[in-house]
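# Structural description and commentary
Next come the chains, spelled out residue by residue.
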Protein chains: 2
Amino acid sequence: MSISVETFFLNPQFQGTLQSQIQQMIAEGILSGRFRKAERLPSTRKLASHLGISRITVTLAYTELLANDYLTSRGRSGYYVSENAPVPPNYKPVQRQEDKVDWSRVIGRRFSDGNTPEKPQDWASYRFPFVYGQADPKLFDHANWRLCALQALGQKDFASLATDYYDQDDPRLVEFIARNTLPRRGIVARPEEILITMGAQNALWLSAQVLLTQRRMAAIEDPCYHALFDILNQSRCHLAPITVDRDGLPPDSIPPETDVIFTTPSHQCPTTATMPMARRQALLERARELDAVIVEDDYEFEMSFLDAPSPALKSLDADGRVIYVGSFSKSIFPGLRLGYLVGSESFIREARALRASVLRHPPGHIQRTAAYFLSLGHYDALIRRIREAFRERREVMQEALDKHGLKIAGQGMHGGSSFWMEAPDHIDTEKLAEKLRPQGVLIEPGHTFFNGSGRPRNYYRLAYSSIPANRITEGVSRIAQAIRD
Amino acid sequence: MSISVETFFLNPQFQGTLQSQIQQMIAEGILSGRFRKAERLPSTRKLASHLGISRITVTLAYTELLANDYLTSRGRSGYYVSENAPVPPNYKPVQRQEDKVDWSRVIGRRFSDGNTPEKPQDWASYRFPFVYGQADPKLFDHANWRLCALQALGQKDFASLATDYYDQDDPRLVEFIARNTLPRRGIVARPEEILITMGAQNALWLSAQVLLTQRRMAAIEDPCYHALFDILNQSRCHLAPITVDRDGLPPDSIPPETDVIFTTPSHQCPTTATMPMARRQALLERARELDAVIVEDDYEFEMSFLDAPSPALKSLDADGRVIYVGSFSKSIFPGLRLGYLVGSESFIREARALRASVLRHPPGHIQRTAAYFLSLGHYDALIRRIREAFRERREVMQEALDKHGLKIAGQGMHGGSSFWMEAPDHIDTEKLAEKLRPQGVLIEPGHTFFNGSGRPRNYYRLAYSSIPANRITEGVSRIAQAIRD
């Protein structure tokens, strides 16, 4: 039997080379059982002419499939589906029916009712995306990241790519963080005091699991990062939301029963306030009084382009009571999922054991690639480039906001990547966001950052991390217009 | 000021190119504050001759550092540390003291007292590593993995690399699993019924969190995968360990109060027993009677080289009560950390929300690379190669075990990657393992696979997944000798 050339057609949507498309077409035909063992494929000449592509492309695809033992060749008589090619199973799946399981009963714990808003996956297709936390392809150093990844894919690094590290991390990444990243934040730590995590999100989650129980109390900033709120709610601890002011978290308001304090001193999320030095000292003093520990999310310290970053709280901590959360996902790119926890060895040991149980370890290849990117200086160059772009965008934005009289509720003294905005009282920013979408404008409604009932609904966040400077003025003007209407 | 050429020396241990070593040396000198702004670097000629390397290598490193703005060049007068180079902080870290925190009190939950044994990181340096679950560099298709990773690092795939997917997965990987991987196990699933996880470990962990509470009961196989035991202990549910026989989990022994049944029908872990078809039907029937759900870890189904794999339990499940766990980490390489969960949409929704809270999503780059590797047919070729090697190793091992009269307690009818062994009653296999280590032999003591008190201490696992066939006979002979002594 021969496989008819007519069954082949090119998909114009296909992402990848022509060769890989042909290869994939044939592999899928075999896997799905459409092409059977010993069936003969169209000759390379025939298939090439049918598809209107070069014959060498078809030959290369066939050769690759020969190497993978999907095909065999029989001298001049052509290519055949190999006797060793994978076979589809000979059993049919059972007929799909209604589930006989009552999932509302079977599900023991629910996680889908959190605070974290759904975000548009297609944000990049909007003209005025004032969205937070996505990488700007124009700023990212794709070429060098690619080179570092290539190096990490090399034979020398095979072990770091493939090995099951159990509960360990890539020693090179840990060493770089200990010797270079942390000293620049004024922090000294040994490798046993550092744990690589799947981004800051994962670091916060691990900290909450180790430190909190139903009988403990966590003090959090209000407003705060909504995903942290979800994490703490899931841990079922008592929560003390503390209203932040223009200097961030006020230490005096932390209730005496507090066990753990979560704070973002570099840039408060979402108000972007920077905590002054005196208050950092006061916060440490307050934690000492209460014998509480502090989880410091050193949020966006890299984005300090208006002033040098303040020393991390952790660098002032003589008691060992600060647990430090750092992230590469924000500054390199969020899809990376790479961050770290720094804390006393007893704490890190528990966080490490929990991480091993949940996911073993962050993929080795990613850790090694980041280690190269950092140690070759690309990371610093990237941060510098981002800072310069953000400084410009921020200036343009500040001017546009002033011009339209839009009220800024919070802005970082040291920089950051967004403004925290307050609309007039009667505006519901969730509705405002809906109204702006068809006009190509994405903004982030602010109510999900607040805790408890009676959350104000007239705040919103405008990030300038993903929008080019030359679109900011027009975007802001559309927001101002929508608020006026 | 000039930086003396004497401060530079090559590190023979350095992993990477000469150019990257020079680049890194200079970047680190600047980051640590040893090299200061406007200081002049040795000329390329001088540094090259001092290190005994080619001048072009030094020039390339300098050029890279110019591009990263660590250095500037002033015409013919040479290279200088740039005015824009990163500066070390001007604050000193506080002096390290004893922690003032009582961590034994502060830590709310402990995770470090689990069952999972520490494994030697340096297993590859042993001559007879009968260790389970590490990639064999001789079998792995490094070249094609590298090509797929390169493609996934391309400009076209920038979004899949960099984007914060929130709670979503790479649509291409999900599509491939739905259209190709699952149908070969007899399973039909829509994308909403599939969740990408950080390996099977993460899939089991997520399932346990969603399905179990302190008031529920889980039935598990005894012996079983030790990390599953840790996961379930942490969830504080009631546990019913059920002794497996040569056909795996006996359905009649599952107690009536059971809510969730964890099982490994393809190859029971660690005995490698394959559950026969009739028992699979009986197990589904028993679950129906109890209105329990089943979590099926389709462990090592790819390694069925002695007989075609049986249909997955999930493929026989008309009620929707089976949750299916698949893994690419075992078959591609464990450092990958990639697996998937398949189940009813209501269940997957909760698992997805929890995953988002814990870590957002598995890194995009890894998902896309795996999608390419799978869809180009490299995965099947890899599995075929592994199967052939394992078949040979298993034959050699069977022969050696028989020759020395070592007792096999369990072996897969369909293949697998290990033998489950029983030593004479008086042998403690943990001590046996210690004794064998200095002889270059690594074995896995079996007691950590058993539950509760009175665990037998005379079982052990011998894997042939990482040891070449030509070392097996000698390795087994050393084990036999150590048992006799």
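Looking at an unreviewed UniProt entry, chain A carries the name Transcriptional regulator, GntR family, with the source organism given as Shimia gijangensis. We quote the UniProt Sequence similarities (unreviewed entry) comment for chain A here in full: "In the C-terminal section; belongs to the class-I pyridoxal-phosphate-dependent aminotransferase family."

## A few points about the interface of chain B and chain A
Taken together, the contact pairs 131 residues of chain B with 131 residues of chain A. Interface area for chain B against chain A, summed over the two sides, is near 11,500 Å², with a carbon-plus-sulfur share of 53%. Where chain B packs against chain A, one counts 10 salt bridges. Arg 179 of chain A is the partner of Glu 28 of chain B in a salt bridge, and the nearest nitrogen-oxygen pair spans 3.6 Å. Viewed at the interface, chain A and chain B are joined by 61 residue pairs in polar contact (both at pLDDT 80 or more). Sorting elements by how many residues they give to the side of chain B that touches chain A places helix 11 (residues 345-359) of chain B first, with 10 residues. Counted by class, the side of chain B that touches chain A contains 58 nonpolar, 41 polar and 32 charged residues.

## A few points about the relation of the copies chain B and chain A
For the match of chain B to chain A, the screw axis carries a shift of 0.0 Å, the RMSD comes to 0.1 Å, and the turn is 180 degrees. Accordingly, the operation relating the two chain copies is best matched by a two-fold axis. Scanning chain B for the C-alpha nearest the rotation axis identifies Leu 150 of chain B, at a separation of 3.6 Å. Of the residues that chain B buries at the interface, 100% are likewise interface residues in chain A, meaning the two copies contact each other through the same surface.

## Some words on the nonpolar core
Ranked by internal contacts, the top residues of the largest apolar core, which has 190 residues, are Phe 130 of chain A together with Phe 130 of chain B. Apart from the residues within four sequence positions on either side, Phe 130 of chain A is in contact with Met 397, Val 441, Leu 442, Ile 443, Arg 461, Leu 462, Ala 463, Ile 467, Ile 472, Gly 475, Val 476 and Ile 479 of chain A. If you look at the next biggest cluster of nonpolar residues, it comprises 86 residues, including Phe 111, Ala 203, Leu 354 and Leu 359 of chain B.

## Brief notes about the domain arrangement of chain A
Splitting chain A by domain gives domain 1 (5-81), domain 2 (123-138 + 381-484) and domain 3 (142-378). Computed from C-alpha coordinates alone, the two centres of domain 1 of chain A and domain 3 of chain A are separated by 50 Å.

## Let's talk about helix 15 (residues 469-484) of chain A
Residues and elements named next belong to chain A. Between its first and last C-alpha, helix 15 extends 24 Å over 16 residues, near the 22 Å set by a 1.5 Å rise per residue. Those residues of helix 15 not exposed but buried are Ala 469, Ile 472, Gly 475, Val 476, Ile 479, Ala 480, Ala 482 and Ile 483. Seen along its axis, helix 15 keeps its buried residues to an arc of 160 degrees; they face one direction. Facing away from the buried side of helix 15 by over 90 degrees, the exposed positions are Asn 470 and Arg 484. Of the surrounding secondary structure, the elements contacted by the buried residues of helix 15 are strand 3 (128-129), helix 13 (378-404), helix 14 (429-436), strand 13 (441-442) and strand 15 (459-463).

## So, the sheet that holds strand 4 (residues 194-197) of chain B
All names here are of chain B. Here 7 strands make up an open sheet; going across it, the order is 4-10-9-8-7-5-6 and the pairing mixed. The sheet is open, and its two borders are formed by strand 4 and strand 6 (238-243), each paired with just one other strand. Here the average twist between neighbouring strands, direction ignored, is 20 degrees. The sheet contact formed by strand 7 (residues 260-263) and strand 8 (residues 293-297) spans 4 bridges and is parallel. Within strand 8, the residue paired with Thr 263 across the bridge is Glu 296. Against the sheet, helix 11 makes contact with strand 4, strand 9 (322-327) and strand 10 (339-342), and its axis sits at roughly 30 degrees relative to strand 4, the strand it touches most.

## Focus on the pairing of strand 9 (residues 322-327) of chain A
All names here are of chain A. Buried residues dominate strand 9, accounting for 6 of its 6 residues. Side chains Val 322, Tyr 324 and Gly 326 of strand 9 all project onto a buried face; the interleaved residues Ile 323, Val 325 and Ser 327 project onto the opposite face, where all are buried too. The pairing of strand 9 with strand 10 (residues 339-342) spans 4 bridges and is antiparallel. In the strand pairing of strand 10, Val 325 is matched with Leu 341.

## Regarding unusual backbone geometry
In this model, Asp 222 of chain B is joined to Pro 223 of chain B through a cis peptide bond whose omega is 0 degrees. Tracing the backbone shows Pro 223 of chain B in the loop between strand 5 (217-222) and helix 9 (226-235). Cis geometry is found at the peptide bond from Cys 269 of chain B to Pro 270 of chain B, where omega equals 10 degrees. Tracing the sequence through the fold places Pro 270 of chain B in the loop between strand 7 and helix 10 (277-290). Here the phi dihedral of Arg 360 of chain A falls at roughly 70 degrees; this positive angle occurs in a residue that is not glycine. Mapped onto the fold, Arg 360 of chain A is located in the loop between helix 11 (345-359) and helix 12 (364-375). Of note in the backbone geometry, Glu 300 of chain B takes a positive phi value of approximately 60 degrees without being a glycine.

## What to know about the environment of Gln 281 of chain B
All names here are of chain B. Take Gln 281: it is sitting in helix 10. The class for Gln 281 is partly exposed, based on a relative accessible area of 41%. Taking C-alpha positions, Gln 281 is 8.2 Å from Leu 313, a pair spaced 32 residues apart along the chain.

Conventions we followed
- Residues numbered from 1 in each chain as written.
- Chains lettered and ligands numbered in written order.
- Predicted model: local features only at pLDDT ≥ 70, side-chain atom pairs only at ≥ 80, totals over all residues.
- Heavy atoms only, no water.
- UniProt positions renumbered as here; feature names shortened; annotations may be inferred.
- Contact = heavy atoms within 4.5 Å.
- Buried area = accessible area lost by both parts, 1.4 Å probe.
- Salt bridge = Lys/Arg side-chain N within 4 Å of Asp/Glu carboxyl O.
- Polar contact = N/O pair within 3.5 Å; in protein donor to acceptor, adjacent residues only side chain to side chain.
- Helix = DSSP H or I, 4+ residues; strand = E, 2+ residues; numbered from the N terminus.
- Nonpolar A, V, L, I, M, F, W, Y, C, P; charged D, E, K, R; others polar.
- Least-squares fit on C-alpha atoms with pLDDT ≥ 70 in both.
- Core = buried A, V, L, I, M, F, W, Y, C linked by side-chain atoms within 4.5 Å.
- Buried < 20%, exposed > 50% of the residue type's maximum accessible area, 1.4 Å probe, protein only.
- Domains from an automatic or database assignment.
- Expected span 1.5 Å × (residues − 1).
- Arc of directions from axis to C-beta.
- Pairing = 2+ DSSP bridges.
- Axes fitted to C-alpha atoms, helices over the stretch in contact; angles between N-to-C directions.

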